[in-house]
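# Structural description and commentary
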Amino acid sequence: MKTLQDLVRPNIWSLKPYSSARDEYKGFDAKVFLDANESPYHEPYNRYPDPLQAQVKQLLAPIKGVSEECIFLGNGSDEAIDLVFRIFCEPGVDNVVSIAPTYGMYEVCADVNNVAYRSVPLSVDEAGNFRFKADDLLAAVDGHTKAVFLCSPNNPTGECLERGELMKVLERFDGIVVVDEAYADFMEEESFLCMLSDYPKLIVLQTFSKAWACAGIRLGMAFASPEVIAIYNKVKYPYNVNVLTQRQALEVLADYSKITEWVALLKAERERLAVALEKYPDTEHVFPTDANFVLVRVKDAQALYDYLLTQGIIIRNRHRVQLCANCLRITVGTPEENDALLEAMYRFL
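Quick summary incoming for the structure in this document. All residue numbers here refer to positions counted from 1 along the written sequence of the relevant chain. Two thresholds apply to this predicted model, a pLDDT of at least 70 for residue-level local features and 80 or more for giving and counting side-chain atom pairs, whereas whole-chain, interface and lining totals are computed over all residues. Excluding hydrogens and water, the side-chain values take into account all heavy atoms of the structure.

### Focus: helix α4 (residues 54-64)
- To sort residues, take the accessible area from a 1.4 Å probe on protein chains only and compare it with the maximum for the residue type: under 20% means buried, over 50% means exposed, and anything in between is partly exposed. Only runs of H or I of at least four residues qualify as helices and only runs of E of at least two qualify as strands under DSSP, and these elements are numbered from the N terminus. Here α4 has its buried residues at Val-56, Lys-57, Leu-60, Ala-61 and Lys-64. What you see down the axis of α4 is that its buried residues fit within an arc of 125°, all on one side. Along α4, exposed side chains directed more than 90 degrees from the buried face belong to Gln-55 and Pro-62.
- In this analysis, two residues are considered to be in contact whenever any of their non-hydrogen atoms come within 4.5 Å of each other. On its buried face, α4 is in contact with β1 (71-75), β8 (202-207), β9 (219-223) and α10 (243-254).
- Note on α4: the residue one or two positions beyond its end, Gly-65, has a positive phi of about 70°. Directions drawn from the helix axis to the C-beta atoms are what define this arc.

Here's what the structure looks like:
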């Protein structure tokens, strides 16, 4: 079995991290800051932010049921994804494996980091729904596969990957398993956060962008063993989460009950929208969803998409995505927004 040191790039394992002024100053109630070459004017924006976002993690940890040492916060989840490649994958040598269709940034990050990306198509069952099979994914793994990326609930398909199949990957793959739970708040299944102590090579990604209604502040979360998070913190840029983002995150965390209210409303609207789409005459298939969107196959996705644009309604055309011919991905909005969408779809007919 490979150790964490076996998986981390040798230069990263031996890397001496940059030590910022705020890393060195800890545990004192300071009033005069003359250490970081900051301007003394225009407070509070003149000061560098906490490089490890301690206050945010203190509020986040009990909500997620993990220790603060198991949390990494980044500039969106994309930073946490990119760091997987920078930490574990030797450019031009190693590879990662994922499914198709799925979130496109995994492949983009692989290309940017000169890491081979292997894509394994999902299977399709008799009902026309997507299915994940661990054996198919593991067949694409070799001795240079450092990580697998599994988005669950998956984007753009919407449904959680079969938990039993995910567990097979965790049990049988001797590398880093990244489970991207960007849409976890909308699913009924238990988060893989409960598995962190059992699987030291597991990384779970979540985000403030979806259920938490904070896409604009660009704050992503990675949860893993303290050893993995320590390497994340060693490699990340010193002040990767700015002070404005941290302040907004603290406000949201202080009123977490509002998030649960929003999620309940969106789940109810998701069901209503899915039922309405099933009844729409041009619908060929509505895919099951555990996220805050619905994937639907229609007769002519491009024509409907183009018409909705003329009505000022923007959805996502997934027609060119593998296995998603004539599919549209529709984010669940407010009742008024969903009504406007459905009315426009019937006008299109």
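After presenting the structure, the write-up continues.
### Quick notes on the packing of α4 against α10
- Axis lines are fitted through C-alpha atoms, for helices just across the contact stretch, and the angle between N-to-C directions can take any value from 0 to 180 degrees. Closest axis-to-axis distance for the α4/α10 pair is 9 Å, and the angle between their directions is 30°. Helix-helix and strand crossings are classified by hand; for α4 and α10 the assignment is left-handed. Of the residues in α10, those touching α4 at Gln-55, Val-56, Leu-59, Leu-60 and Ile-63 are Gln-246, Ala-249, Leu-250 and Leu-253.
- Taken together, the residues that form the contact of α4 with α10 break down as seven nonpolar, two polar and no charged. For a crossing to be left-handed, the near helix must be turned anticlockwise from the far one by less than a right angle; the clockwise case is right-handed. Each residue is assigned to one class: nonpolar for Ala, Val, Leu, Ile, Met, Phe, Trp, Tyr, Cys and Pro, charged for Asp, Glu, Lys and Arg, and polar for all the others, Gly among them.

### Brief notes about the sheet that holds β1
- Only when DSSP finds a minimum of two bridges between them are two strands counted as paired. A sheet is described by the order of its strands in space; here seven strands give the open sequence β1-β9-β8-β7-β6-β2-β3, paired in mixed fashion. Each edge of the open sheet carries a strand with a single partner, namely β1 and β3 (116-121). Averaged over all pairs of adjacent strands, the angle between strand axes in this sheet comes to 25°, irrespective of strand direction.
- Here strand β7 (residues 176-180) runs beside β8; their pairing, made up of four bridges, is parallel. In the sheet register, Val-177 faces β8, and the bridge partner there is Leu-202.
- Running at roughly 120° to β1, α4 makes contact with β1, β8 and β9 of the sheet.
- Strands in contact with helix α8 (residues 163-172) are β6 (145-151), β7 and β8; relative to β6, the strand with the most contacts, it is inclined by about 165°.

### Some details on the nonpolar core
- Residues Phe-132, Val-169, Leu-202 and Phe-223 are the most contacted members of the largest nonpolar core, which totals 57 residues.
- In contact with Val-169, other than residues within four places in its own chain, are Phe-132, Ala-134, Leu-137, Val-148, Leu-150 and Val-177.
- Among the buried residues, those of types Ala, Val, Leu, Ile, Met, Phe, Trp, Tyr and Cys that are joined through side-chain atoms within 4.5 Å form a nonpolar core. The next biggest cluster of nonpolar side chains, apart from the first, holds 33 residues, and it includes Leu-7, Val-8, Phe-88 and Ala-147.

### A closer look at the sheet that holds strand β10 (residues 283-286)
- The sheet built from four strands is open, its strands ordered β10-β11-β13-β12 with antiparallel pairing. Of all strands in the sheet, those bounded by a partner on one side alone are β10 and β12 (316-317).
- One ladder, built from five bridges, connects strand β11 (residues 293-298) with strand β13 (residues 327-331); its direction is antiparallel. Opposite Val-294, over in β13, you have Ile-330 as the bridge partner.

### Remarks on the pattern of salt bridges
- Take a side-chain nitrogen of Lys or Arg and a carboxyl oxygen of Asp or Glu: if they are within 4 Å of each other, that pair is a salt bridge. A complete count under the given rule lists 18 salt bridges for this structure.
- Asp-142 is the partner of Arg-118 in a salt bridge, and the nearest nitrogen-oxygen pair spans 2.7 Å. Of this pair, Arg-118 sits in strand β3 while Asp-142 is found in the loop between α7 (134-138) and β6, placing the two residues 24 residues apart along the sequence.
- When the shortest N-O distance is used, the salt bridge between Lys-299 and Asp-282 registers 3.7 Å.

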